[in-house]
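Tertiary structure, described
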Amino acid sequence: LFLQREQAAILAEAQTDDLIKEAPKPALDQSGEWQETGGEIQWVAKDNNSDSGRDDAK
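Residues numbered from 1 in each chain as written. Predicted model: local features only at pLDDT ≥ 70, side-chain atom pairs only at ≥ 80, totals over all residues. Heavy atoms only, no water.

Notes on the overall build of the protein chain
In terms of regular secondary structure, the protein chain is built from 2 helices and 2 strands. Its helices and strands in sequence order give the protein chain the pattern α-β-β-α, from N to C terminus. Surface exposure of the protein chain reaches about 5900 Å², of which carbon and sulfur atoms provide 53%. (Helix = DSSP H or I, 4+ residues; strand = E, 2+ residues; numbered from the N terminus. Areas by Shrake-Rupley, 256 points an atom, 1.4 Å probe, with all protein chains shown as cover.)

This is how it looks when you write it as structure tokens:
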């Protein structure tokens, strides 16, 4: 009985390891872009509001 439980535990652990290896990767952050200004690189967030440019011009 002990050997059967040990063998079952080994199989279950192997299956768990396979699941961990196949874990989904997080989506890439597309909320902005890298821009180089004045010799430095900085992250600039994208504006999702298309009306903001019109309001600034007024």
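Now that the structure has been shown, the text picks up again.
Points about the packing of aromatic side chains
Scanning the model with the defined rule gives 1 aromatic pair in all. Ring plane angle 75° and centroid distance 5.2 Å describe the contact between Trp 34 and Trp 43, whose orientation is recorded as edge-to-face. Taking the relative accessible area as the measure of exposure, Trp 43 reaches 35% and is therefore partly exposed. (Phe/Tyr/Trp six-rings, centres within 6.5 Å; stacked < 30°, edge-to-face > 60°. Buried < 20%, exposed > 50% of the residue type's maximum accessible area, 1.4 Å probe, protein only.)

Considerations on the pairing of strand β1 (residues 32-37)
Examined bridge by bridge, β1 and strand β2 (residues 40-45) share 6 bridges and lie antiparallel to one another. The residue of β2 that forms the bridge with Gln 35 is Gln 42. As consecutive antiparallel partners, β1 and β2 are separated by 2 residues, and within that stretch Gly 38 has a phi angle of approximately 60°, a positive value. (Pairing = 2+ DSSP bridges.)

Examining the confidence of the model for the protein chain
Chain-level statistics for the protein chain give a pLDDT mean of 76 and a share of 69% at 70 or above. Per-element averaging of pLDDT across the protein chain places helix α2 (residues 52-57) at the bottom with 48 and β2 at the top with 86. Every residue in residues 51-58 is under pLDDT 50, and counting partners more than four places away or in other chains gives 1 contact. (pLDDT = per-residue confidence, 0-100. Contact = heavy atoms within 4.5 Å.)

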